[in-house]
Amino acid sequence: MENKTTGNTRLELIRGDIAHQPDTDAVVNAANAQLRTGGGVAGAIHRAAGPGLEKECRPLAPIKPGQAVITGAHKLPNKHVIHCLGPVYGRDKPEDQLLADCYRNAIRLADKHGLQSIAFPAISTGIFGFPIKEAAGIAIETIMNTIPELKNVRLIRLVLFAEKDLEIFREAQERFSKPDTP
Ligand code: ADP
């Protein structure tokens, strides 16, 4: 586990399942535009939350790439689910900015709702095809740059499904904290 503290907010990287993060106030769903269940993260979250989540999502859909919306967590052990639509790599442009928007908008939404902790999956790196190394750099940089404005959120956790993905995110964190000097 890797921790980094900036101000009063900690960024934590772990290997795990986004649908099993009982100690964070919110979990982020790598959603589709219609906020329906699906494969990957959306499937795991909707399965664990039960059909009430899709019902609550219906009037909030469709959402646009980069956008984040908040719902209850239903049968999940968290207080809320924050649904983000990541960019489809090669289709929704500019991909890097839209991916950064997802992280920033989700964190701001959590903070606005007075939440203290939020767990993210690696948005867009599955079915949406975003190269994981590039996505990791954007995720880490956006999170670290958003931390100074936060009033409530004290823990941001990135939950990586595979050990190799965790390694890639750790390397991105290293690169961010020790950028090459010109
Ligand atoms: P997207 O459609 O945004 O690409 P996916 O759900 O297909 O979202 O995948 C996003 C990332 O989440 C991928 O790296 C995938 O391996 C990972 N992933 C899939 N299921 C889970 C899970 N239950 N918990 C955490 N990460 C997951």
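Residues numbered from 1 in each chain as written. Predicted model: local features only at pLDDT ≥ 70, side-chain atom pairs only at ≥ 80, totals over all residues. Heavy atoms only, no water.

**Student:** What's the story with the environment of Cys-57 in this structure? I'm lost.
**Tutor:** For Cys-57, the position within the fold is in helix H2 (residues 51-57). On the accessibility criterion, Cys-57 (0% relative accessible area) is buried. Residues Cys-57 and Ala-110, 53 residues apart in the sequence, show an inter-C-alpha distance of 17 Å. Sequence-distant contacts of Cys-57, defined by excluding residues within four places in its chain, comprise Leu-35, His-46, Thr-71 and His-83. (Helix = DSSP H or I, 4+ residues; strand = E, 2+ residues; numbered from the N terminus. Buried < 20%, exposed > 50% of the residue type's maximum accessible area, 1.4 Å probe, protein only. Contact = heavy atoms within 4.5 Å.)

**Student:** In this structure, what is going on with the site of the ligand? I would like to understand it.
**Tutor:** With respect to spatial proximity, 14 residues lie near the ligand, and among them Ile-18, Val-41, Ser-124, Thr-125 and Ile-127 are the closest. In the model, an oxygen atom of the ligand is placed 2.8 Å from a nitrogen or oxygen of the Ser-124 main chain. Here an oxygen atom of the ligand sits 2.9 Å away from a polar atom, N or O, in the main chain of Ile-127. Here the ligand, which alone exposes 560 Å², has 89% of that area covered by the protein. In this structure, the ligand is accommodated by the largest pocket. (Near = heavy atom within 4 Å. Polar contact = N/O pair within 3.5 Å; in protein donor to acceptor, adjacent residues only side chain to side chain. Areas by Shrake-Rupley, 256 points an atom, 1.4 Å probe, with all protein chains shown as cover. 1 Å grid on protein atoms, 1.4 Å probe; cavity = no way out; pocket = protein on both sides within 12 Å on 5 of 7 lines; lining within 4 Å. Sits in = over half its atoms within 2 Å of the grid points.)

**Student:** How should the layout of surface pockets be read in this particular structure?
**Tutor:** Space left empty within the atom packing is revealed by a probe, the size of a water molecule, rolled over the atoms. Computed from the structure, the largest pocket encloses a volume of approximately 540 Å³. Together, 27 residues line the largest pocket, and Ala-30, Gly-40, Val-41, Ala-122 and Gly-126 are the ones closest to its centre. Elements with a minimum of two residues in the lining of the largest pocket: helix H1 (40-49) and strand S7 (155-160). With four residues, H1 is the single largest residue contributor to the lining of the largest pocket. Across the lining of the largest pocket, the residue classes break down as 16 nonpolar, nine polar and two charged. (Points joined across faces, edges and corners; volume = space filled by probe spheres on them. Nonpolar A, V, L, I, M, F, W, Y, C, P; charged D, E, K, R; others polar.)

**Student:** When you look at the packing of helix H3 (residues 95-112) against helix H4 (residues 132-146) in this model, what are you seeing that I'm missing?
**Tutor:** The description of two packed helices rests on the angle between their axes and on the distance between the axes. Put simply, H3 and H4 touch, their axes get as near as 9 Å, and they point 40 degrees apart. Put simply, H3 runs oblique to H4. Crossing geometry of H3 relative to H4 is assigned as right-handed. Residues Asp-96, Leu-99, Ala-100, Tyr-103, Arg-104 and Ile-107 of H3 lie in contact with H4, whose contacting residues are Ala-135, Ile-138, Ala-139, Thr-142, Ile-143 and Thr-146. (Axes fitted to C-alpha atoms, helices over the stretch in contact; angles between N-to-C directions. Parallel < 35°, antiparallel > 145°, perpendicular 65-115°, else oblique. Left-handed = near helix turned anticlockwise from the far one by under 90°.)

**Student:** Is there a simple way to think about the nonpolar core in this case?
**Tutor:** The nonpolar side chains of soluble globular proteins are, as a tendency, buried together. Ile-82, Ile-118, Phe-120, Ile-156, Leu-158 and Phe-169 are the most contacted members of the largest nonpolar core, which has 40 residues in total. Apart from residues lying up to four places away in sequence, Leu-158 is in contact with Leu-11, Glu-12, Leu-13, Ile-14, Tyr-103, Phe-120, Ile-140, Ile-143 and Phe-169. Of all hydrophobic cores here, the second largest spans 20 residues; its members include Ile-14, Ile-18, Leu-53 and Val-81. (Core = buried A, V, L, I, M, F, W, Y, C linked by side-chain atoms within 4.5 Å.)

**Student:** Honestly, the packing of H4 against helix H5 (residues 163-177) in this entry has me stumped. Any pointers?
**Tutor:** Contact geometry for H4 and H5: axes closest at 9 Å, N-to-C directions at 50 degrees. For the element pair H4 / H5, the angle class is oblique. The two elements H4 and H5 meet at a crossing, and its hand is right-handed. For the pair formed by H4 and H5, the contact residues are Ile-132, Lys-133, Ala-136, Gly-137, Ala-139, Ile-140, Glu-141, Met-144 and Asn-145 on the first element and Asp-165, Ile-168, Phe-169, Ala-172, Gln-173, Arg-175 and Phe-176 on the second. Classifying every residue of the contact of H4 with H5 gives nine nonpolar, three polar and four charged.

**Student:** I tried to follow the pairing of strand S6 (residues 117-120) on my own but got confused; where do I start?
**Tutor:** Every other side chain in a regular strand lies on the same face of the sheet, so the side chains alternate between the two faces. Residues Ser-117 and Ala-119 line one face of S6 and the alternating positions Ile-118 and Phe-120 line the opposite face, and both faces are buried. Alignment of strand S3 (residues 26-30) against S6, held across two bridges, turns out to be parallel. Bridge pairing links Ala-26 to Ile-118 in S6. Bridging between S6 and S7 involves four bridges; their strand directions are parallel. Considered in S7, the bridge of Phe-120 is made with Leu-158. (Pairing = 2+ DSSP bridges.)

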